[in-house]
Amino acid sequence: MIEATRSIAEEAARFPTVHLFDIPIKAMTMHQSLDLIHQAITMRASLHIGVVNAAKVVNMVRNPLLGKDVRSSDVIFADGASVVWASRLLKCPLPERVAGIDLMMGMLARGTEYGYSVYLLGATEEVNRTVAERIAVDYPGVVVAGRRNGYFSNDEQEAIANDIAQANPDILLVAITSPKKEQFLARWSDRIQVPICHGVGGSFDVYAGKVKRAPLAWQRSGLEWLYRLFQEPRRMWKRYLVTNSLFCWLVLKEFFRRV
């Protein structure tokens, strides 16, 4: 697996890396990302995927340990349109957004053709079970090798890591909030030995129908956050007001630093 992982790292290195806010983000399209993932699965090589949006960038600045965990990923993609826009403003453009949920759905779509196996970790028991049931219907070629909800203590982590290792999936989808998601992957990726580890945040809630995703026009306009705010104003207004403002400040600060 070490040689295969080295080969995948060399393949990933063929694509440019854009450094934004000291975060190395891969300048790859969705199609290229899915091709790299398929190669890693085929070769049983380790590929730990990280994604960043405006909120994640801000939280990485606030929490150096989170920043360290995210940067330990083998590849980092721009999950948010705001990150792509920032890259263009700062004269180091990324080709497009590689949203975590779209990457997850792309994996499942390819999995139908190639027979990928997945382990579902995270969300509530109801949502986790619903995702497994929907995958069986929507992507019949995909094998759900195991699943576990995201409500567990630190003392339970080792047993969960062992269960994932025993299930031996091609892909581990982790629907746990930051920084617990990044910490779990950073701590246990060597134990679980899964080719693809992908933190998907709230994607399980969307796929299970618990949360409605913004229409495509809103996504393309970079306004998914506003659509989410309309759905949950009480819970989300402060988060978006603070993180979006701080992200704008970081972009301006970086812009004048580069001038």
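These figures come from a predicted structure and were not determined experimentally.

Moving on to the nonpolar core. Grouped together as the largest cluster of nonpolar side chains are 39 residues, with contacts concentrated most on I37, L47, I49, L103, M107, I196 and F204. Looking at which element gives the most residues to this core, the answer is helix α2 (residues 30-43), with 6 residues. In contact with L103, other than residues within four places in its own chain, are M30, S33, L34, I37, I49, F77, V98 and H198. I25, I76, C92 and L94 belong to the second-largest nonpolar core, a separate cluster that totals 24 residues.

Peptide bonds are mostly trans, and most non-glycine residues show a negative phi. Even without being glycine, F21 reaches a positive phi, approximately 55°. Within the chain, D22 stands out as a residue other than glycine whose phi angle is a positive 65°. Looking at D22, the relative accessible area reads 65%, which means it is exposed.

With the rule as written, the count across this model stands at 0 disulfides. You can see C92 has no disulfide; the closest cysteine sulfur is in C248, sitting 16 Å from it. C92 sits in the buried class, given a relative accessible area of 16%.

The final tally for this structure, using the stated rule, is 4 aromatic pairs. Here F21 and F247 contribute two aromatic rings whose centre-to-centre distance is 5.8 Å and whose plane-to-plane angle is 65°, an arrangement assigned as edge-to-face. Of this pair, F21 sits in the loop between β1 (17-20) and β2 (23-26) while F247 sits in helix α13 (residues 233-258), and the two are 226 residues apart along the sequence. A cation over an aromatic ring shows up here: R14 above the ring of F15, its NZ or CZ 5.1 Å from the ring centre. Here the guanidinium or amino end of K180 rests over the ring plane of F152, the centre of that ring lying 4.2 Å away.

Let us now look at the pattern of salt bridges. Applying the stated criterion across every chain yields a total of 12 salt bridges. The salt bridge partner of E125 is R129, with a shortest N-O separation of 3.9 Å. Separated by 4 residues within a single helix, E125 and R129 lie in helix α7 (residues 125-138), roughly one turn from each other. The exposure class of R129 is partly exposed, given its relative accessible area of 34%. One salt-bridge network, in which partners are shared between bridges, spans K56, K181 and E182.

Glancing now at the environment of L172. Within the secondary structure, L172 is located in strand β7 (residues 171-175). Through-space distance from the C-alpha of L172 to that of R147 is 9.5 Å; in sequence the pair is 25 residues apart. When near neighbours in sequence (up to four residues on either side) are disregarded, L172 contacts Y119, L121, I164, L185, I192, V194, I196, C197 and H198.

Let us look at the sheet that holds strand β8 (residues 196-199). With respect to topology, 6 strands assemble into an open sheet ordered β4-β3-β8-β7-β5-β6, the strand pairing being parallel. Looking at strand neighbours, the two that pair on one side only are β4 (75-78) and β6 (143-148), the edges of this open sheet. Each adjacent strand pair in this sheet contributes to an overall mean axis angle of 20°, direction not counted. Across 5 bridges, the pairing between strand β5 (residues 117-122) and β7 is parallel. Bridging from a neighbouring strand, L121 pairs with V174 of β7.

Every buried residue of helix α8 (residues 157-167) is accounted for by Q157, I160, A161 and I164. All buried residues of α8 fall inside an arc of 100° around its axis, so they share one side. Turned more than 90 degrees away from the buried face of α8 sit A159 and Q166, all of them exposed. Phi turns positive one or two residues past the end of α8, at N168, with a value near 55°.

Turning to the environment of F230, a few remarks are in order. By the element assignment, F230 lies in helix α12 (residues 224-231). In the structure, F230 is positioned 130 residues away from G100 in sequence and 21 Å away in space, judged by C-alpha atoms.

Owing to its 3.6 residues per turn, the α-helix aligns residues three or four sequence positions apart on the same side. Those residues of helix α4 (residues 64-71) that fall on the buried side of the exposure criterion are L66, G67, D69 and V70. Here the buried residues of α4 occupy an arc of 165° about the axis, which is enough to place them on one side. For α4, exposure combined with an orientation more than 90 degrees from the buried face picks out P64, L65 and K68. Looking at the packing, one finds that the buried side of α4 touches β3 (47-52), α3 (54-62), β4 and α9 (180-192). For α4, the N-terminal cap is N63; the gap from its side-chain oxygen to the backbone nitrogen of L65 is 3.1 Å.

About the criteria used
- Residues numbered from 1 in each chain as written.
- Predicted model: local features only at pLDDT ≥ 70, side-chain atom pairs only at ≥ 80, totals over all residues.
- Heavy atoms only, no water.
- Core = buried A, V, L, I, M, F, W, Y, C linked by side-chain atoms within 4.5 Å.
- Buried < 20%, exposed > 50% of the residue type's maximum accessible area, 1.4 Å probe, protein only.
- Helix = DSSP H or I, 4+ residues; strand = E, 2+ residues; numbered from the N terminus.
- Contact = heavy atoms within 4.5 Å.
- Disulfide = S-S within 2.5 Å.
- Phe/Tyr/Trp six-rings, centres within 6.5 Å; stacked < 30°, edge-to-face > 60°.
- Lys NZ or Arg CZ within 6 Å of the ring centre and 35° of its normal.
- Salt bridge = Lys/Arg side-chain N within 4 Å of Asp/Glu carboxyl O.
- Pairing = 2+ DSSP bridges.
- Axes fitted to C-alpha atoms, helices over the stretch in contact; angles between N-to-C directions.
- Arc of directions from axis to C-beta.
- Polar contact = N/O pair within 3.5 Å; in protein donor to acceptor, adjacent residues only side chain to side chain.

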